[in-house]
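Observations on the three-dimensional arrangement
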Amino acid sequence: MDTPSKPQLHVNTERLRKDIDDLARIGLRKDQGIYRMAFSEGDRAGRDWLRQRISDCGLEFHQDGAANLYARLNWNENIPGVIAGSHMDTVPSAGHLDGALGVVCALEALRVLQESRIKLKRPLEAVSFSDEEGRFGGMLGSQAVAGLVTPEYLYNACDLDGVTLTSAMSQFGLDAREALHAQRAPGSIHAYVELHIEQGPVLDRKGLSIGIVDAITGLFKWEINLIGVANHAGTTPMDMRADAFQGLAEFAAQLDRVLAEYGSPHSTATIGRVELKPGAANVIPGQVVFSLDVRDTDPHTLGALADALRRSLSAIARRRGLMFEFSVLSEIAPVQCAAPVVEAIDAAVNSLGLSATHLRSGAAHDAQIIAGIAPAGMIFVPSKEGRSHSSAEWTAWRDIEAGANTLLNTLYRLAA
Ligand SMILES: [Zn+2]
């Protein structure tokens, strides 16, 4: 039940819409995609815009060593505060909502709370984390806050063109090593809330405005190398071949069975990139390098899947006379959202009378990293047809407003 001590707050729709529209023009190119990759010119313009918006409304601006940008309300470093946010960097040719929505709505929530003059027990911050999307590996900002960044990583990280993180940050007048100082002590954050587009089809198909996230899937990403013998496609009999692609094809055909046997109904496995060598129509592929991305919300299930997939690969390789190597590109542990944060979101949704469901996130987010040092939760709004990481990304305005109001009232409940 809502009592008068818990007023229902509403965002300033016009101001929020203008911010989302303005930010959507920053880094926009002719293909209608947005290019704000971390520490690119687009990112710089986005950062300048956010800093200006923060100072326009009289909130305190702060930038930490990892170049995370914060707006602060009632800042007091001795009281664990409530943080909301996401990221403003994008993949190349991105849509206008992934990440940006969470940052702009967090800023709007702080503006409304500031204007309301309601007395709050806790300080509030709106944050935009650096390099979530992975120009230099991904989740740089949140990992720095969670104390997961190492000097080796900062020194070695580079993008696909070989530009190092160190040099990209120095173009911004920043010293990458300062990221080691962005760490926050465990216990110093009361709660972290991230509003994000779902990037999946569930809410859109069900016609619901809000998703309350219970868990964020963990994942492992491998690069697998099957090595056989490249040979003449005409003169080598079928039973004398070591065809690397045939090995991959057999492995791919086994994924469904391995998931059914060792996974959960929510497990996923994806081979998203394949490179055949030498890659000629009349040559037996002597080598295939491919990626494997596997996700689930349970760490034990992920472990069982990893073991089963390794066994399957080595059996196929042995039978087909192939060598097999694999390297782990990334591993992210699954995360259960914190009960007090989930309850605050539930209460906010109920007080606003919005249509909602509980679900899990199949995509990785900064919230997953911050969950390592603070109670964390996520609010999803629908993605039209589940589309994301493309200019086709779209969410109806009424759902954006519903998400922004849910975030605002959740923050109020956590900070009051
Ligand atoms: Zn995102």
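Residues take numbers from 1 onward in each chain, read along the sequence in its written order. Where totals are concerned, whole chains, interfaces and linings use all residues; where local detail is concerned, this predicted model gives features only for residues with pLDDT of at least 70, and gives and counts side-chain atom pairs only at 80 or more. Values shown for side chains rest on all heavy atoms present in the structure; no hydrogens or waters enter the calculation.

Attention now moves to the overall build of the protein. Across its full length, the protein holds 12 helices and 16 strands. This radius of gyration counts C-alpha atoms alone. The globule rule is 2.2 Å times how many residues there are, raised to the power 0.38. For 416 residues, the compact-globule estimate of 2.2 N^0.38 gives 22 Å, and the protein sits close to it at 23 Å. The C-alpha extent of the protein, read off along each of the three principal axes, is 80 × 50 × 40 Å. Partly exposed describes any residue whose relative accessible area lies between the buried limit of under 20% and the exposed limit of over 50%, with all areas from a 1.4 Å probe on protein chains only and scaled to the type maximum. Taken across its 416 residues, the protein has 53% of its residues classed as buried. Counting only contacts in the protein whose residues sit at least 6 apart along the sequence, the fraction spanning at least 24 positions is 79%. Note on areas: Shrake-Rupley, 1.4 Å probe, and residue coverage restricted to the protein chains presented here. Here the protein displays about 18300 Å² of accessible surface, and carbon together with sulfur accounts for 51% of that area. Averaging the positions of the 39 positive and the 50 negative side-chain charges in the protein gives two centres separated by 2 Å. By definition, any uninterrupted DSSP run of H or I lasting at least four residues is a helix, any uninterrupted run of E lasting at least two residues is a strand, and each is numbered from the N terminus. Residues count as neighbours in contact if any of their non-hydrogen atoms are within 4.5 Å of one another. We treat Lys and Arg as the positive residues and Asp and Glu as the negative residues; His and chain ends play no part in the count. Charged groups are reduced to one reference atom each: NZ for lysine, CZ for arginine, CG for aspartic acid, CD for glutamic acid.

Here we come to the side chain of Thr406. Inspection of the secondary structure puts Thr406 in helix α12 (residues 397–415). Once you skip the residues sitting within four places of it in the chain, Thr406 turns out to touch Ile210, Ile345, Ala348, Val349, Leu352, Leu354 and Ile379.

Only residues above 30% relative accessible area that lack a salt bridge enter a patch, with like-charged residues linked at up to 9 Å and the nonpolar side chains Val, Leu, Ile, Met, Phe, Trp and Tyr linked at up to 5 Å. The term salt bridge refers to a side-chain nitrogen of Lys or Arg lying within 4 Å of a carboxyl oxygen of Asp or Glu. A contiguous nonpolar surface patch, about 230 Å² in accessible area, is contributed by Phe245, Val274 and Leu276. Looking at where Val274 falls in the secondary structure, it is placed in strand β10 (residues 274–277). The partly exposed category is assigned to Val274, whose relative accessible area is 41%.

Attention shifts here to the packing of helix α1 (residues 13–24) against helix α2 (residues 41–56). It is the contact of α1 with α2, at a shortest axis distance of 11 Å, that shows an interaxial angle of 160°. Relative to α2, α1 is oriented roughly antiparallel. In this structure, α1 crosses over α2, and the sense of that crossing is right-handed. Counting all contacts with α1, which are made through Arg15, Asp19, Asp22 and Leu23, the residues of α2 involved are Gly46, Trp49 and Arg53. Of the residues that constitute the contact of α1 with α2, the class distribution is 2 nonpolar, 1 polar and 4 charged. Axes here mean lines fitted to C-alpha atoms, for a helix over just the part in contact, with angles spanning 0 to 180 degrees between N-to-C directions. Angular relationships are summarised with four words: roughly parallel below 35 degrees, roughly antiparallel beyond 145, roughly perpendicular across 65 to 115, and oblique for the angles in between. Crossings are sorted by hand: turned counterclockwise from the far helix by less than a right angle, the near helix makes the crossing left-handed, and turned clockwise it makes it right-handed. Ten residue types, Ala, Val, Leu, Ile, Met, Phe, Trp, Tyr, Cys and Pro, are classed as nonpolar, four, Asp, Glu, Lys and Arg, as charged, and the remainder, Gly among them, as polar.

Attention shifts here to the coordination of the zinc ion. Each metal site is built from N, O and S donor atoms within 2.8 Å (3.2 Å for Na, K and Ca), and since water is not included, such sites may look incomplete. Taken together, His87 (NE2), Asp98 (OD) and His196 (NE2) make up the full set of protein donors to the zinc ion, lying 2.0 to 2.2 Å away. All donors of the zinc ion come from a single chain, and their spacing in sequence reads H-x10-D-x97-H. Taken as a pair, Asp98 in the loop between β3 (81–87) and α3 (100–116) and His196 in strand β5 (residues 189–197) lie far apart in primary sequence, 98 residues in all. His196 carries the same exposure label as Asp98, and that label is buried.

To continue, consider the environment of Glu325. By the secondary structure assignment, Glu325 is in strand β13 (residues 323–332). Once you skip the residues sitting within four places of it in the chain, Glu325 turns out to touch Glu223, Ile224, Asn225 and Ile227.

Our next topic: the pattern of salt bridges. Applying the stated criterion to the full structure yields 20 salt bridges. Between Arg53 and Asp19 there is a salt bridge whose closest N-O contact spans 2.9 Å. Taken as a pair, Arg53 in helix α2 and Asp19 in helix α1 lie far apart in primary sequence, 34 residues in all. Like Asp19, Arg53 is buried. A salt bridge links Arg320 to Glu250; its shortest N-O distance comes to 2.7 Å. In this pair, Arg320 sits in helix α9 (residues 299–320) while Glu250 sits in helix α8 (residues 244–262), placing the two residues 70 residues apart along the sequence. Overall, Glu250 belongs to the buried group, its relative accessible area being 18%. Salt bridges linked by common partners bring Arg15, Asp19, Arg53, Asp56, Glu108, Arg111 and Glu115 together as one network.

Only the six-membered ring of Trp is used, alongside the rings of Phe and Tyr, when aromatic pairs are assigned; centres must lie within 6.5 Å, and planes under 30 degrees apart are stacked while those over 60 apart are edge-to-face, with the rest tilted. Following the criterion strictly, the structure yields 6 aromatic pairs and no others. Taken together, a centroid distance of 5.4 Å and an interplanar angle of 90° make the contact between Phe39 and Phe172 edge-to-face. With Phe39 in the loop between α1 and α2 and Phe172 in the loop between α6 (165–171) and β5, the pair connects residues that are 133 residues apart, well separated along the chain. Of the two residues, Phe39 and Phe172, neither departs from the other in class, the shared state being buried. Among the aromatic side chains, those forming a connected cluster through ring pairs are Phe220, Trp222, Phe324 and Phe326. Taking the ring centre of Trp397 as reference, the NZ or CZ of Arg17 above it sits at 4.7 Å. Geometry around Tyr35 places Arg29 over its ring, the cationic atom sitting 3.9 Å from the centre. We call a charge positioned above a ring when the Lys NZ or Arg CZ atom is no farther than 6 Å from the ring centre and deviates by at most 35 degrees from the ring normal.

This part covers the nonpolar core. Residue types Ala, Val, Leu, Ile, Met, Phe, Trp, Tyr and Cys, when buried and joined through side-chain atoms within 4.5 Å, form a set referred to as a nonpolar core. With 79 residues, the main nonpolar core has Leu101, Leu124 and Leu407 as its most contacted residues. Examining the composition of this core, we find that 11 residues originate from one element, α3, more than from any other. Setting aside residues no more than four positions away along its own chain, Leu124 makes contact with Ala71, Arg72, Leu73, Val82, Leu110, Leu113, Leu411 and Ala415.

This part takes up α8. With 19 residues, α8 extends 26 Å between its outermost C-alpha atoms, agreeing within 8% with the 27 Å of an ideal straight helix rising 1.5 Å per residue. The largest bend along α8 reaches roughly 35° and is located at Leu255. Considered for burial, the residues of α8 that qualify are Ala244, Gly247, Leu248, Glu250, Phe251, Gln254, Leu255, Val258 and Leu259. Against β7 (218–227), β9 (268–270), β10, β12 (287–296) and α9 lie the buried residues of α8. Distance and chemistry together define a polar contact, namely a pair of N or O atoms within 3.5 Å, with one atom able to donate a hydrogen and the other to accept it when in protein, and with adjacent residues in sequence counting only for side-chain atoms on both sides. Capping the start of α8, Asp243 holds a side-chain oxygen 2.9 Å from the backbone nitrogen of Phe245, two or three residues further along. Here the expected span of a helix is defined as 1.5 Å times the quantity of residues minus one. Take the seven residues that end at a residue and the seven that start at it, fit an axis to each, and the angle between those axes is the bend at that residue.

The next thing to look at is the state of the cysteines. The rule for a disulfide is simple: a pair of cysteine sulfur atoms within 2.5 Å. Summed over the entire model, instances satisfying the criterion amount to 0 disulfides. We note that Cys337 lacks a disulfide partner, and the nearest cysteine sulfur, in Cys105, lies 18 Å from it. Owing to a relative accessible area of 11%, Cys337 belongs among the buried residues under this scheme.

Scope: geometric values only; no functional claims are made or implied.
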